[in-house]
Amino acid sequence: MERPSLRTRTGFDGSLIEYADHLVDAVRTQVGQGQALCALSGGVDSSVCAALVHRAIGEQLTCVFVDHGLMRAGEPEMVAELFGKHFGMNLISVDAADRFFAKLEGVDDPEHKRKIIGEEFIRVFEEEKAKLGKLDYLVQGTIYPDIVESDSDKGVVKSHHNVGGLPEDVDFELCEPVKYLYKDEVRKIGEYLGLPHELVWRQPFPGPGLGVRVVGALTRDRVRMVREADAIFREEIAAAGKESEIWQYFAVNPGCRSVGVSDGRRTYGDAIVLRAICSTDAMSADVADLDIAFLSRVSTRIATEVAGVNRVMYDTTPKPPSTIEWE
Ligand SMILES: Nc1ncnc2c1ncn2[C@@H]1O[C@H](COP(=O)(O)OP(=O)(O)OP(=O)(O)O)[C@@H](O)[C@H]1O
């Protein structure tokens, strides 16, 4: 289906970059002398919104980043470095890993895990908000497909983690500057605003983070295995120059153990599954055609470098019948 033009969606008659400048002015007018708050995940939508609103109102914006302990390797550091230091934003980083792990202990149902992560996120965010005093605007990275999708009456396949679910009697207004834009337009505006290419064009990453890439109950150790395996896989994909041909690639801990051998001794360790898919819209996906030599190199690195892992598999199932993420 052909998508409506920028002009049809926004009434704005100009280029996308001119529209970005227009949005900066519009946010400045909307917020006035008020105070704005943005939940910044380090993902594309909230990062672009934070950069845009910061350009418009500077010090009047505060961003809150919640580290739930389920981030990929280097992510909390990247957020602090880029938004805190480079852009000089008012950034509050909350280390909430203990809280999340405590709530998730022993929970193995995927929907229940997502729900707990979403609810705990809102709780942490609300606490930080309360500490800041009067707030006039909440910045949200709603994009056009979110609006269109929320109109859909299809059943829930996986519940989404969002700052949505706001109570009805809130005493602030929403600021949703990119709500008429498609993802690729948001990315282009992000680059225009000076966000790094790797962030703006990064692969999709679920809100519940690595929590949905560890099948069954989470432990810090199983999350660590996925985080380290994921970092190695990403490093090798980048070294092979394959980043742009693959839509999404990541590691999963499928929750099974098997026998292995290391230095002549029997091991009984965790398995890791590698998943890499090609897609244009995430509605359907094909398995990325990675050659055995490449996969074998990644597998050997993971099984020797990641403590507790002794077996690596490649997921060869398209979507459908599988989904992209395991949970
Ligand atoms: N760990 C986090 N810390 C702060 N804010 C978060 C965090 N996770 C999610 N959010 C907020 O919730 C929104 C929705 O999260 P979701 O995971 O659905 O991502 P998204 O819609 O792809 O947006 P983004 O690209 O910004 O991650 C984010 O845009 C962000 O405002």
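Everything below is about the structure shown above.
The model shown is predicted, which means the values in this text are computed figures rather than measured ones.

Colleague: I'd like a rundown of the overall build of the protein, residues and numbers included.
Modeller: Tallying secondary structure elements over the protein gives 11 helices and 10 strands in all. Expressed along its principal axes, the backbone C-alpha trace of the protein runs to roughly 70 × 45 × 40 Å. Expressed as a percentage of the 327 residues in the protein, the buried residues total 48%. Long-range contacts, defined as pairs at least 24 residues apart, comprise 77% of the intrachain contacts of the protein with a sequence gap of at least 6.

Colleague: Give me the packing of aromatic side chains: which residues, what numbers.
Modeller: Throughout the structure, instances matching the rule amount to five aromatic pairs. Summarising the aromatic geometry, the rings of Phe 12 and Tyr 19 are spaced 5.3 Å apart at their centres and angled 55° between planes, so their arrangement reads as tilted. Overall, the relative accessible area of 4% leaves Tyr 19 in the buried class. Between Phe 83 and Phe 87, the aromatic rings sit 6.1 Å apart at their centres with planes inclined by 20°, giving stacked as the arrangement. By relative accessible area, which is 0% here, Phe 83 ends up buried. A cation over a ring is seen here: Arg 213 above Phe 250, with NZ or CZ 3.9 Å from the ring centre. Positioned above the aromatic ring of Phe 294 is the side chain of Lys 242, whose terminal nitrogen or guanidinium carbon lies 5.6 Å from the ring centre.

Colleague: Lay out helix H3 (residues 44–57) in plain terms, naming residues and giving numbers.
Modeller: Working note: α-helix, 3.6 residues per turn, so residues spaced by three or four point in the same direction. In this model H3 runs 20 Å from its N-terminal to its C-terminal C-alpha over 14 residues, within 8% of the 20 Å that 1.5 Å per residue would give. Among the 14 residues in H3, 13 count as buried, and that is most of the element.

Colleague: Which residues make up unusual backbone geometry, and what values go with them?
Modeller: Looking along the chain, the bond that leaves Lys 319 and enters Pro 320 is cis, with omega of -15°. Its place among the elements puts Pro 320 in the segment after strand E10 (309–314). Omega for the bond connecting Pro 320 with Pro 321 falls within 30 degrees of zero, at 10°, which places this linkage in the cis form. Checked against the element boundaries, Pro 321 lands in the segment after E10. With a phi angle near 50°, Asp 263 is a residue other than glycine that sits in the positive phi range.

Thresholds applied
- By convention here, each chain's residues receive numbers from 1 onward along its written sequence.
- Thresholds applied to this predicted model are a pLDDT of at least 70 for local features of residues and 80 or more for the giving and counting of side-chain atom pairs; totals over whole chains, interfaces and linings are not thresholded and use all residues.
- The side-chain numbers reported here are obtained from all heavy atoms of the structure, hydrogens and water having been left aside.
- Here a helix means four or more residues in a row that DSSP labels H or I, a strand means two or more in a row labelled E, and each is numbered from the N terminus.
- Using a 1.4 Å probe on the protein chains alone, a residue whose accessible area is under 20% of its type maximum counts as buried, one over 50% counts as exposed, and one in between counts as partly exposed.
- Contacts are residue-level and defined by heavy atoms, with any inter-residue pair within 4.5 Å sufficient.
- For Phe, Tyr and Trp, rings pair up if their centres lie within 6.5 Å, where Trp contributes its six-membered ring, and each pair is then called stacked (planes under 30 degrees apart), edge-to-face (over 60) or tilted (otherwise).
- When the NZ atom of lysine or the CZ atom of arginine is within 6 Å of a ring's centre and also within 35 degrees of its normal, the charge is said to sit over that ring.
- In this scheme, a helix's expected span is set at 1.5 Å multiplied by one less than its residue total.

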